[in-house]
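Listed below are the residues making up each chain.
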Amino acid sequence: MATILHVGTRKGLFTLKQNRSGWTIDRVDFLGDPVTMLMEDHCDNSLYACLTLGHFGTKLHRTVDGGEKWHELTVPVYPQGAVLAARSFDESSPPPTKPANRAEIWSLEAAGDDKPDCLWAGTIPGGLFRSENRGESWELNGPLWDREERMEWFGGGKDDPGIHSICVDPQDSQHVTLGISCGGIWETTDGGDSWALLGEGLRADYMPPDMTHKLSIQDAHRLTQCEVNPTVMWVQHHNGIFHSTDGSKSYREITEAGPSTFGFAVCVHPGDEKTAWFVPAVKDQCRVPVDGKRVVTRTRDGGESFETLSSGLPQENCYDIVFRHGLDIDQSGAQLAMGSSTGGLWISDNGGDHWDGTSNLLPQIYVVRFSRCQDATDG
Amino acid sequence: MPHIEFTSQLSQHLECSIGAIEATTLREAFDVVFERNPKVRSYLLDDQGAVRKHVAVFINNQLLHQRNNLEIALPPDAEIYVMQALSGG
């Protein structure tokens with residue numbers, strides 16, 4: 001199991017290590033700065049940290065020595081003249097536009113074991129970028145950016161649309177599936193040269209009735225893919241939980257899952273496609289835990305039934321939520337970490353049966369990521 | 001010759017030299033700064049080349065209102081201050 005956990009927060013990057021007395025904070029980097037996305041590339045054991053500075057914009061840093069030294073990299077930049085649809089009541093066609101400026105790197109993933117220097121970055125307002133040199137330079141993926149359906153995308157929570165989930169097929173790195181809020185599920189099977197819009201069965205109650213099933217406006221909050229069986233994908237959607245067994249071509253809605261099907265985060269067991277975890281909240285209009293109780297829901301039969309897990313979690317007066325990148329699972333599938341909007345951090349070593357509260361004093365948590373590296377100091 | 005200074009908050013993130021600068025427009029002044037340290041560009045300007053929403057530029061105590069117009073002429077004695085807008089929590 002993992003012995004190192006990285007936690008990106010509104011006020012810095014906290015690295016925790018597991019020792020005999022439990023999980024403790026081992027180091028703090030970028031103290032005071034919002035660290036909104038993290039990615040460990042196990043091809044070279046490097047750690048990437050995305051900062052979203054309120055005044056000075058998005059920054060990207062990499063360390064190859066566990067944080068002793070950080071190297072600031074180039075960030076993806078939208079080309080001159082790039083635009084996105086501006087929200088407007090103007091019925092004109094084509095729709096009014098506004099300049100595209102990178103607001104946030106919302107997702108960052110290694111492009112596959114057979115492409116050790118390559119990265120994918122998903123951004124707000126909706127551009128997918130690729131680096132062939134570990135983040136030293138970036139190029140906007142034109143085939144996706146140029147799709148006419150992109151002008152139908154819009155922001156959900158954030159001002160503009162964004163790519164929050166990048167699933168690189170562990171068996172075929174040319175096959176990548178994206179989750180976009182609010183822009184649906186997109187797939188390439190040729191490394192990004194062409195894209196298809198997927199997701200039959202997803203449902204958007206926030207749209208007029210005739211547009212409920214329109215694929216290009218679906219608000220997937222988070223998309224995950226099973227490592228051992230990449231055709232199985234789980235979506236925590238704005239309108240509930242959806243399950244696919246055909247690589248996102250079609251989805252089945254799961255209408256019963258413990259106290260609620262609303263939420264942001266989802267994890268799937270890397271070795272068991274039928275096991276997945278969710279962190280429910282009441283509903284769209286009331287984004288707090290049901291009855292003030294933090295729980296995690298788990299299915300082990302592909303969504304046929306759910307358990308509600310609460311051991312070790314606060315069961316009264318709990319009003320924080322877990323955002324889409326605030327839940328992670330380690331390689332073994334037994335260890336889970338969960339970070340909340342008010343800095344609560346819980347870790348489970350047994351698949352969620354019991355959780356240990358590690359801290360309730362951290363800043364707002366954006367992202368938790370287990371490291372595959374083993375702690376060299378661990379005795 | 002115009003003179004440029006930056007908020008000390010910027011030096012928390014990267015080196016940004018201050019002092020006299022040979023320029024007749026704000027764009028020329030920024031270009032000199034970016035030539036000295038190319039990384040400064042993304043801290044001050046957005047992807048489309050406009051001054052960032054939360055960065056405030058003062059020229060002789062006058063706030064620059066048109067964020068996408070860097071062609072503004074600089075008087076020879078221009079004092080340029082690049083500050084951060086007050087926001088956050």
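Residues numbered from 1 in each chain as written. Chains lettered and ligands numbered in written order. Predicted model: local features only at pLDDT ≥ 70, side-chain atom pairs only at ≥ 80, totals over all residues.

**Structural notes on the overall build of chain A**
Part 1 of the argument: Counting its secondary structure elements, chain A contains 1 helix and 30 strands.
Part 2 of the argument: Its C-alpha atoms give chain A a radius of gyration of 20 Å, within 12% of the compact-globule value 21 Å for 379 residues.
Part 3 of the argument: Projected onto the principal axes, the alpha-carbon positions of chain A cover approximately 65 × 45 × 40 Å.
Part 4 of the argument: Expressed as a percentage of the 379 residues in chain A, the buried residues total 50%. (Helix = DSSP H or I, 4+ residues; strand = E, 2+ residues; numbered from the N terminus. Rg over C-alpha atoms; globule rule 2.2 N^0.38 Å. Buried ≥ 20, exposed ≤ 12 C-beta atoms within 10 Å, placed from the backbone.)

**Concerning the overall build of chain B**
Part 1 of the argument: Check the secondary structure of chain B and you find 3 helices and 5 strands.
Part 2 of the argument: Order of helices (α) and strands (β) in chain B, N terminus to C terminus: β-α-β-α-α-β-β-β.
Part 3 of the argument: Computed over the C-alpha atoms, the radius of gyration of chain B is 12 Å, within 12% of the 12 Å expected from 2.2 N^0.38 for a compact globule of 89 residues.
Part 4 of the argument: On the principal axes, the C-alpha backbone points of chain B span a range of 40 × 25 × 25 Å.
Part 5 of the argument: Within chain B, the fraction of its 89 residues that count as buried is 27%.
Part 6 of the argument: Counting contacts in chain B only where the partners sit at least 6 residues apart, residues at least 24 apart contribute 51% of the total. (Contact = placed C-beta atoms within 7 Å.)

**A word on the interface of chain B and chain A**
Part 1 of the argument: In this assembly, 15 residues from chain B lie in contact with 13 residues from chain A.
Part 2 of the argument: Split into classes, the residues belonging to the side of chain B that touches chain A amount to 3 nonpolar, 8 polar and 4 charged. (Nonpolar A, V, L, I, M, F, W, Y, C, P; charged D, E, K, R; others polar.)

**A few points about the sheet that holds strand β25 (residues 307-309) of chain A**
All names here are of chain A.
Part 1 of the argument: Read from one edge of the open sheet, 4 strands run β22-β23-β24-β25, paired in antiparallel fashion. The outermost strands of the open sheet, each flanked by one partner alone, are β22 (262-269) and β25. Neighbouring strand axes in the sheet, compared pairwise and without regard to direction, differ in orientation by 25° on average.
Part 2 of the argument: Where β22 and strand β23 (residues 272-281) come together, 6 bridges link them in antiparallel fashion. Its bridge partner being in β23, F262 is matched across the sheet by A281. (Pairing = 2+ DSSP bridges. Axes fitted to C-alpha atoms, helices over the stretch in contact; angles between N-to-C directions.)

**A look at the nonpolar core**
Part 1 of the argument: Of all hydrophobic cores here, the largest spans 124 residues; its most connected members are A:L5 and A:A49.
Part 2 of the argument: Sequence-distant contacts of A:A49, defined by excluding residues within four places in its chain, comprise A:G8, A:L13, A:F30, A:V35, A:L38 and A:H61. (Core = buried A, V, L, I, M, F, W, Y, C linked by C-beta atoms within 7 Å.)

**With respect to the sheet that holds strand β1 (residues 4-9) of chain A**
The pairing of strands in a sheet happens through backbone hydrogen bonds and is either parallel or antiparallel.
Residues and elements named next belong to chain A.
Part 1 of the argument: If you trace the 4 strands from one edge of the open sheet to the other, you get β3-β2-β1-β30, paired in antiparallel fashion. The sheet is open, and its two borders are formed by β3 (22-29) and β30 (365-370), each paired with just one other strand. On average, each strand axis in the sheet is tilted by 25° relative to the strand beside it, whichever way the strands run.
Part 2 of the argument: Here 7 bridges tie strand β2 (residues 12-19) to β3, and the two strands are oriented antiparallel to one another. Pairing of L13 across the sheet is with D29, part of β3.

**So, the confidence of the model for chain B**
Any region with low pLDDT has predicted coordinates that should not be read closely.
Part 1 of the argument: When pLDDT is averaged along chain B, the result is 89, and 96% of the positions lie at 70 or above.
Part 2 of the argument: For this predicted complex, the interface score ipTM comes out at 0.78, while the overall pTM is 0.92. (pLDDT = per-residue confidence, 0-100.)

**Details of the environment of A:L362**
All names here are of chain A.
Part 1 of the argument: Counting through the fold element by element, L362 comes out in the loop between β29 (356-359) and β30.
Part 2 of the argument: Distance in space between the C-alpha atoms of L362 and V64 is 25 Å, their sequence separation being 298 residues.
Part 3 of the argument: Sequence-distant contacts of L362, defined by excluding residues within four places in its chain, comprise V7, T9, F14, G343 and L345.

**A look at helix α2 (residues 26-36) of chain B**
All names here are of chain B.
Part 1 of the argument: Among all positions in α2, only L26, A29, F30 and V33 are buried. On an axial view of α2, the arc spanned by its buried residues comes to 95°, and they lie on one face.
Part 2 of the argument: Here the buried face of α2 lies against β1 (3-6), α3 (40-44) and β5 (79-84). (Arc of directions from axis to C-beta.)

**As for unusual backbone geometry**
Residue and element names in this part refer to chain A.
Part 1 of the argument: The omega torsion across I124 and P125 is 25°, close enough to zero to call that bond cis.
Part 2 of the argument: Note the cis peptide between S181 and C182, where omega equals -5°.
Part 3 of the argument: Relative to the assigned elements, C182 resides in the loop between β15 (176-181) and β16 (184-188).
Part 4 of the argument: Look at N45: it is not a glycine, yet its phi comes out positive at around 60°.
Part 5 of the argument: Topologically, N45 is positioned in the loop between β4 (35-41) and β5 (46-53).
Part 6 of the argument: Its identity as a non-glycine residue notwithstanding, N317 has a phi of 55°, on the positive side.
Part 7 of the argument: When you line up the elements, N317 lands in the loop between β25 and β26 (327-329).

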